[in-house]
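Coordinate inspection notes
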Amino acid sequence: MLKKVIIPKANFKEEGKKNKELLRIGSVIPMKDDKGNQMRGEVTKVDYLGVHMDFNPPLAGYDLYFEGKVVSVRDAQAVEIEHGHAHGPDGHHHH
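What counts, and where the lines are drawn
- Residues numbered from 1 in each chain as written.
- Predicted model: local features only at pLDDT ≥ 70, side-chain atom pairs only at ≥ 80, totals over all residues.
- Heavy atoms only, no water.
- Helix = DSSP H or I, 4+ residues; strand = E, 2+ residues; numbered from the N terminus.
- Rg over C-alpha atoms; globule rule 2.2 N^0.38 Å.
- Buried < 20%, exposed > 50% of the residue type's maximum accessible area, 1.4 Å probe, protein only.
- Pairing = 2+ DSSP bridges.
- Axes fitted to C-alpha atoms, helices over the stretch in contact; angles between N-to-C directions.
- Core = buried A, V, L, I, M, F, W, Y, C linked by side-chain atoms within 4.5 Å.
- Contact = heavy atoms within 4.5 Å.
- Polar contact = N/O pair within 3.5 Å; in protein donor to acceptor, adjacent residues only side chain to side chain.
- Patch = residues over 30% accessible without salt bridge, like charges linked within 9 Å, V, L, I, M, F, W, Y side chains within 5 Å.
- Areas by Shrake-Rupley, 256 points an atom, 1.4 Å probe, with all protein chains shown as cover.
- Salt bridge = Lys/Arg side-chain N within 4 Å of Asp/Glu carboxyl O.

Points about the overall build of the protein chain
- Scanning the protein chain from N- to C-terminus turns up one helix and six strands.
- A globule of 95 residues ought to have a C-alpha radius of gyration of about 12 Å, yet the protein chain, at 22 Å, is considerably larger.
- Oriented by its inertia axes, the alpha-carbon framework of the protein chain measures out at about 60 × 30 × 20 Å.
- Here the protein chain holds 95 residues, and the buried ones make up 18% of them.

Given below as structure tokens:
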């Protein structure tokens, strides 16, 4: 899902003044949503409606192709079977 929004120019004032350097097309601005989640938005246009921003990851909308190669195969350890997933070379880590 592509996430593009228009934000009022007044939201970008610093000490009551518009920051023209910040609002250049192509600028990537760190921001927070209403829940405090951090995100980065790219300025795509500035007009009378406001600041048009794109919050998609840089490769959103592109078809990505990957190649891989199996470099080794090993039997699962008993603890990996018990946990239902593989462990890395440095042991077990939950994310």
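Moving on from the model shown.
Let's talk about the sheet that holds strand β4 (residues 28-32)
- Taking strand neighbours across the sheet as the criterion, the four strands line up as β1-β6-β5-β4 in an open arrangement whose pairing is antiparallel. Since the sheet does not close on itself, it has two edges, and those belong to β1 (4-7) and β4, each with one partner. Pairwise comparison of adjacent strand axes, ignoring direction, gives a mean angle of 40° for this sheet.
- Relative to strand β6 (residues 50-54), strand β5 (residues 38-47) runs antiparallel, the two sharing five bridges. The residue of β6 that forms the bridge with Glu42 is Asp54.

Notes on the nonpolar core
- Formed by Ile7, Phe12, Leu23, Ile29, Val43, Val51, Met53 and Phe55, the largest nonpolar core amounts to eight residues.
- If sequence neighbours within four positions are ignored, Phe12 has contacts with Ile7, Lys17, Asn19, Leu22, Leu23, Ile29, Met31, Val51 and Met53.

Here we look at the side chain of Ser27
- Structurally, Ser27 is set in the loop between β3 (17-18) and β4.
- A polar side-chain atom of Ser27 sits 3.3 Å from the main-chain carbonyl oxygen of Leu22.
- Discounting residues that sit within four places of it in the chain, Ser27 has contacts with Glu21, Leu22, Gly41, Glu42 and Val43.

Side note on a nonpolar patch on the surface
- Side chains of Leu59, Tyr62, Leu64 and Phe66 sit close together on the surface and give an oily, nonpolar patch of about 520 Å² of accessible area.
- Among the structural elements, Tyr62 can be located in the loop between β6 and α1 (78-83).
- The class for Tyr62 is exposed, based on a relative accessible area of 58%.

Notes on the pairing of β6
- Of all the five residues making up β6, five are buried; the element is thus mostly covered by neighbouring parts of the structure.
- Relative to β6, β1 is paired through four bridges, and the arrangement is antiparallel. Residue pairing for β6: Lys4 is matched across the bridge by Asp54.
- In sequence, β5 turns back onto β6 through a hairpin of two residues.

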